[in-house]
Amino acid sequence: MELDLAGAELKAVLNRLRRAQGQISGVIRMIEEGRDCEEVVMQLAAASRALDRAGFAIIATGLQQCVADIEAGRSTGEDAEQMRARLEKLFLSLA
């Protein structure tokens, strides 16, 4: 399953990943500075949510592309059930 993110979708995913990258850098800095555990965990949770959202956006785009390919008869030899199972596995990997 090839990922084809276009325009606004790509920008949104990249923004979420950059946000997570900044938050992870912040977590590292906070730990190095000996900051309060609660602050560190809250920042880490925010980074985790940003990564999850980026992953869900990628999966949603993949799902849309798969449905469009199936409807247009551009299947890659993989039947709809196999594709559904693969997407479900990807989705659950983020749950």
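The rules we used
Residues numbered from 1 in each chain as written. Predicted model: local features only at pLDDT ≥ 70, side-chain atom pairs only at ≥ 80, totals over all residues. Heavy atoms only, no water. Helix = DSSP H or I, 4+ residues; strand = E, 2+ residues; numbered from the N terminus. Areas by Shrake-Rupley, 256 points an atom, 1.4 Å probe, with all protein chains shown as cover. Buried < 20%, exposed > 50% of the residue type's maximum accessible area, 1.4 Å probe, protein only. pLDDT = per-residue confidence, 0-100. Salt bridge = Lys/Arg side-chain N within 4 Å of Asp/Glu carboxyl O.

S.K.: Explain the overall build of the protein to me, and be specific about the residues and the numbers.
M.R.: Of regular secondary structure, the protein possesses three helices and zero strands. If you list the helices and strands of the protein from N to C, you get α-α-α. Carbon and sulfur atoms make up 57% of the accessible area of the protein, which amounts to about 6,700 Å² in all.

S.K.: Provide a residue-level description of the environment of Thr61, including the pertinent values.
M.R.: Within the fold, Thr61 resides in helix α2 (residues 37–71). On the accessibility criterion, Thr61 (6% relative accessible area) is buried. Spatially, the C-alpha atoms of Thr61 and Glu9 are 8.0 Å apart, while their sequence positions differ by 52 residues.

S.K.: Any chance you could break down the confidence of the model for the protein for me, citing the residues and the numbers?
M.R.: Per-residue confidence for the protein gives a mean pLDDT of 81; residues scoring 70 or more make up 81%. Per-element confidence in the protein ranges from a low mean pLDDT of 77 for helix α3 (residues 80–94) to a high of 90 for helix α1 (residues 7–32).

S.K.: Can you tell me about the pattern of salt bridges, naming the residues and giving the values?
M.R.: Enumeration according to the criterion identifies two salt bridges in this entry. If you follow the salt bridges from partner to partner, you end up with Glu33, Arg35 and Glu39 in one network.

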